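Inside the fold
Residue-level listing of the chains:
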Amino acid sequence: MTVACGRWSSSIPKWTETEIDILKSLWLKSLPDLPPDPSNAVADNPIAAEFGRLLFFDARLSANGGISCATCHQVERRFTDGLQEAQAIGTTARHTPSIVGTAYSPWQFWDGRRDSQWAQALAPLEDPNEHGTDRAAVLGLIAEDAGYRSTYESVFGALPELSNADPVLLNTAFANVGKSIAAFERTLMPTSSRFDDYVEAVVDADADRQAGLLGDVEIRGLRLFIGEANCTQCHNGPLFTNHEFHNTGVISFPGDVPDKARIAGVAEVLTSEFNCRSAYSDDPERQCDELKFARTGTDLIGAQKTPSLRNIENTAPFMHKGQLATITDVLAHYNEAPDAMIGHNEAEPLGLSDRELGQLEAFLATLAAPVSD
Amino acid sequence: MISCRIVPYCLLFCFLVSFSSQDAAAHGGVVEEDDLCVIKVNYLRAQFKIYQPGATGHEQYCEDLPLASESVFVMEYQHDSLSKMPIDFRIIRDVTGKGRFARMEDIKNIADLESATVYYRPPIVEPHIYTVNYEFTEEGNFIGVVSAEHPASGKIYTAVFPFEVGFTGFGYWPFIIGLLFLIQFQYFLMSGRLKRWFGMKSVAAASLLVCGLLIAPASFADSLIVTYTTPDGDPAINRMHSWILHIENEDGLEIEGAIIEVEGGMPEHDHGLPTRPRITEELGGGDYRLEGMRFHMSGYWEVIVSITTDTGNFEVTIPLQL
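Here the structure is a predicted model, which means the values were calculated and not measured.

Quick word on the overall build of chain A
A tally of regular secondary structure across chain A gives 14 helices and two strands. What you see for chain A is a C-alpha radius of gyration of 23 Å, in line with the 21 Å of a compact globule of 373 residues. In terms of overall dimensions, chain A has C-alpha extents of about 100 × 45 × 40 Å along its principal axes. Here chain A holds 373 residues, and the buried ones make up 47% of them. Put simply, of all contacts in chain A between residues at least 6 apart along the chain, 72% involve residues at least 24 apart.

In structure tokens form, the structure reads like this:
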């Protein structure tokens, strides 16, 4: 009988220069300055942002006085609600997406049917299944609430007379409500996670600090994430999203037909009442490059917007209708990459082992961090 | 010369292929073509798929369904005109007595269509793709009827597709029958009876014809040269930027006044560019400003430049690794 002799090490190879570049591209410190929103003149106005914050949490902005933006976009769940389909006045068509960091996205909603945060904020107010109210009622509340009225008028000027106002003036005032909510939402940003601290330690070549931040399993998961598992093809950049639309073959929700997603969303945004080209945009030039060069065509069938992975564990269930309950389910789905019910699944089967999927899951947990105040 | 021994195997192959697409012959509404299930609404075609997501997940069916459960019918149009046509969708219990051979005439002869109907969706215009979700509560034979109305002529086009819910397949019977057929065929072949009947050459020729080879289409070479520069810096992921395209022919002659279309995408991911870039200005000297370029993922991209000049149409593919 012989006894094997030798040394086995659990240490993981060092990162290459190319890998360090990829790690830096995912690092929160690489996030560029917030892009300006020329369509919203009060986007960076702190009074408007505070006004927007009050509106965001105000349940009077609903048909039954019980639904606010925060009913579904709950702070403690990274501005999601833990449900498959959002429950407000009625049941909504999709799972509540997070709004953290969406100021960086050219498109809002899962299907990108709005092209600014302010235009997005207006849609749920008038959706019968969400707030179920309308623009006249929203402006009526602002007119009657002395605090709201004075804040509104200090930012935007006199509130129009609501009883017999020109519809354009009413719509402008309604757009201002959205612009205030957007000014608040622009402040919602992710903060540095354990992963970001680790990247900093890698950049600083500080081995001791690295060892204290991520364990072997998490590092192996990170290596898969930026390599073999192809995650960064879509979940790239410091927000772990390319803000684009992809069909990943997610199964339809019980009782529903498969979601057409972006192909319907792009048709809607091009003609939506409050889009970048509308009279309610504050951008005098109305360049609207995103609309001008917006992609259409059948390869957008079933394509939903890539969500951020920061704080992913707080945003369960997953996918546009919460079809997948856990991160384990999501990783198993991508590992299999089944044929899409409609359109084409862009993902390819990964062929990873259960152990490797576990490593990926361990890595994803390192992206947890509180949302900025 | 074809050995007589391969003939039965060739025919077995043909038999299996024809068995797998038996529905094509059975009725006109839904057929299997090249591994694709297609619904023909008169001359208009759509890829046709049925799913039972709650029971069998992503499993695709062409017609018959294994279980009485939630079923999602999908038509992905192969003709754009279906995007503009009001389409209605009806499922009836098979009261025609014709089973798989039911035709539109049989549907028209049903005295009380409404009472036979288990699901009806009134006409609706659905761009690009049409979907229906119906939960079968009982097994049995059903008939689907899809009607599309031409928006200009008002003419109604219809497809009829009988199907079975609770269909568990034919088991091994088709293979046993096929095997018996082959044994008999081989016997005839070896005994020389078949040769006496038809003559060997004609059998071999027919087999070859049925199992004929496809010839790959020829590709055409480009004769224009396209180069590009990026005045806004290297293309970064997810940043809208512009290109300057420079076009000249193989003799170095700069091409002016060309009509240029730009497409592109990631062939490995089966999707196009996230934007629809356009030429916004001709700069002279064979240079054209291309705006609206954005790549949203790292990986292999192709940008396809289609150029129309006085001398013809050209297509140049620019590969990019980002």
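Considering the overall build of chain B
Secondary structure assignment for chain B yields eight helices and 18 strands. Relative to its 322 residues, chain B shows a buried fraction of 26%. A sequence separation of at least 24 residues applies to 63% of the contacts in chain B between residues at least 6 apart.

Some details on the domain arrangement of chain B
We note that the domain assignment places domain 1 (1–22 + 171–215), domain 2 (35–165) and domain 3 (224–321) within chain B. One C-alpha centre belongs to domain 2 of chain B, the other to domain 3 of chain B, and the line joining them spans 43 Å.

Focus on the pairing of strand 1 (residues 30–33) of chain B
Residue and element names in this part refer to chain B. The sheet contact formed by strand 1 and strand 2 (residues 36–41) spans four bridges and is antiparallel. Following the sheet pairing, Glu32 is matched in strand 2 by Cys37. As consecutive antiparallel partners, strand 1 and strand 2 are separated by two residues, and within that stretch Asp34 has a phi angle of approximately 50°, a positive value.

Notes on the sheet that holds strand 16 (residues 287–293) of chain B
Residue and element names in this part refer to chain B. The strand order across the open sheet built from four strands is 11-12-16-15, with neighbouring strands paired in antiparallel fashion. The open sheet terminates on both sides in strands that have one partner only, identified here as strand 11 (224–229) and strand 15 (278–284). Sheet twist, expressed as the average angle between the axes of neighbouring strands with direction ignored, equals 30°. The pairing of strand 11 with strand 12 (residues 241–249) spans six bridges and is antiparallel. Looking at strand 12, one finds that Val226 is bridged to Ile247.

With respect to the confidence of the model for chain B
Residue and element names in this part refer to chain B. Residues with a pLDDT of 70 or more make up 74% of chain B, whose mean pLDDT is 80. Of the regions scoring below 50 in pLDDT, residues 10–28 engages in 28 contacts with residues more than four places distant in sequence or in other chains. Counting contacts from residues 200–221, a segment whose pLDDT is below 50, to residues more than four positions away or on other chains yields 15 contacts. Interface confidence for the predicted complex, expressed as ipTM, amounts to 0.88; the pTM equals 0.81.

Observations regarding the packing of helix 4 (residues 117–126) of chain A against helix 7 (residues 167–185) of chain A
Residues and elements named next belong to chain A. The N-to-C vectors of helix 4 and helix 7 enclose an angle of 115°; their axes lie 7 Å apart at closest approach. Viewed along their axes, helix 4 and helix 7 adopt a mutual orientation that is roughly perpendicular. In this structure, helix 4 crosses over helix 7, and the sense of that crossing is right-handed. The residues of helix 7 that touch helix 4, namely those facing Gln117, Trp118, Ala119, Ala121 and Leu122, are Phe174, Ala175, Gly178, Lys179, Ile181, Ala182 and Glu185. Classifying every residue of the contact of helix 4 with helix 7 by side-chain character gives eight nonpolar, two polar and two charged.

Topic: the interface of chain B and chain A
Every contact between the two is made by 32 residues of chain B and, on the other side, 33 residues of chain A. At the level of elements, helix 3 (53–56), strand 5 (70–77), strand 8 (129–135) and strand 14 (271–272) of chain B are the ones that each hand at least two residues to the side of chain B that touches chain A. A per-class count over the side of chain B that touches chain A returns twelve nonpolar, 16 polar and four charged.

A short note on unusual backbone geometry
Omega for the peptide link from A:Ala316 to A:Pro317 comes to -5°, which places this bond in the cis form. You can see A:Pro317 is positioned in the loop between strand 2 (304–305) and helix 13 (327–336). The phi torsion at B:His128 lies on the positive side, around 70°, for a residue other than glycine. You can see B:His128 is positioned in the loop between strand 7 (117–125) and strand 8.

As for the packing of helix 2 (residues 46–56) of chain A against helix 7 of chain A
Angle between the axes and distance between the axes are the two parameters that describe a pair of packed helices. All names here are of chain A. Where helix 2 meets helix 7, the closest approach of the two axes is 6 Å, and the angle between their N-to-C directions is 100°. Between helix 2 and helix 7, the angle is such that the two are roughly perpendicular. From helix 2, Ala48, Ala49, Phe51, Gly52, Arg53, Leu55 and Phe56 reach across to helix 7, where they touch Val177, Lys179, Ser180, Ile181, Ala182, Ala183 and Phe184.

Considering the sheet that holds strand 6 (residues 86–93) of chain B
Residue and element names in this part refer to chain B. Taken in spatial order, the four strands of this open sheet run 7-6-9-10, and their pairing is antiparallel. If you trace the sheet from one side to the other, it starts and ends with strand 7 and strand 10 (156–165), each paired once. This sheet shows a mean twist of 15° between the axes of neighbouring strands, independent of strand direction. Pairing of strand 9 (residues 140–149) with strand 10, which is carried by ten bridges, proceeds in the antiparallel orientation. Across the sheet, the residue bridging to Gly144 is Phe161, located in strand 10.

The rules behind each value
Residues numbered from 1 in each chain as written. Chains lettered and ligands numbered in written order. Predicted model: local features only at pLDDT ≥ 70, side-chain atom pairs only at ≥ 80, totals over all residues. Helix = DSSP H or I, 4+ residues; strand = E, 2+ residues; numbered from the N terminus. Rg over C-alpha atoms; globule rule 2.2 N^0.38 Å. Buried ≥ 20, exposed ≤ 12 C-beta atoms within 10 Å, placed from the backbone. Contact = placed C-beta atoms within 7 Å. Domains from an automatic or database assignment. Pairing = 2+ DSSP bridges. Axes fitted to C-alpha atoms, helices over the stretch in contact; angles between N-to-C directions. pLDDT = per-residue confidence, 0-100. Parallel < 35°, antiparallel > 145°, perpendicular 65-115°, else oblique. Left-handed = near helix turned anticlockwise from the far one by under 90°. Nonpolar A, V, L, I, M, F, W, Y, C, P; charged D, E, K, R; others polar.

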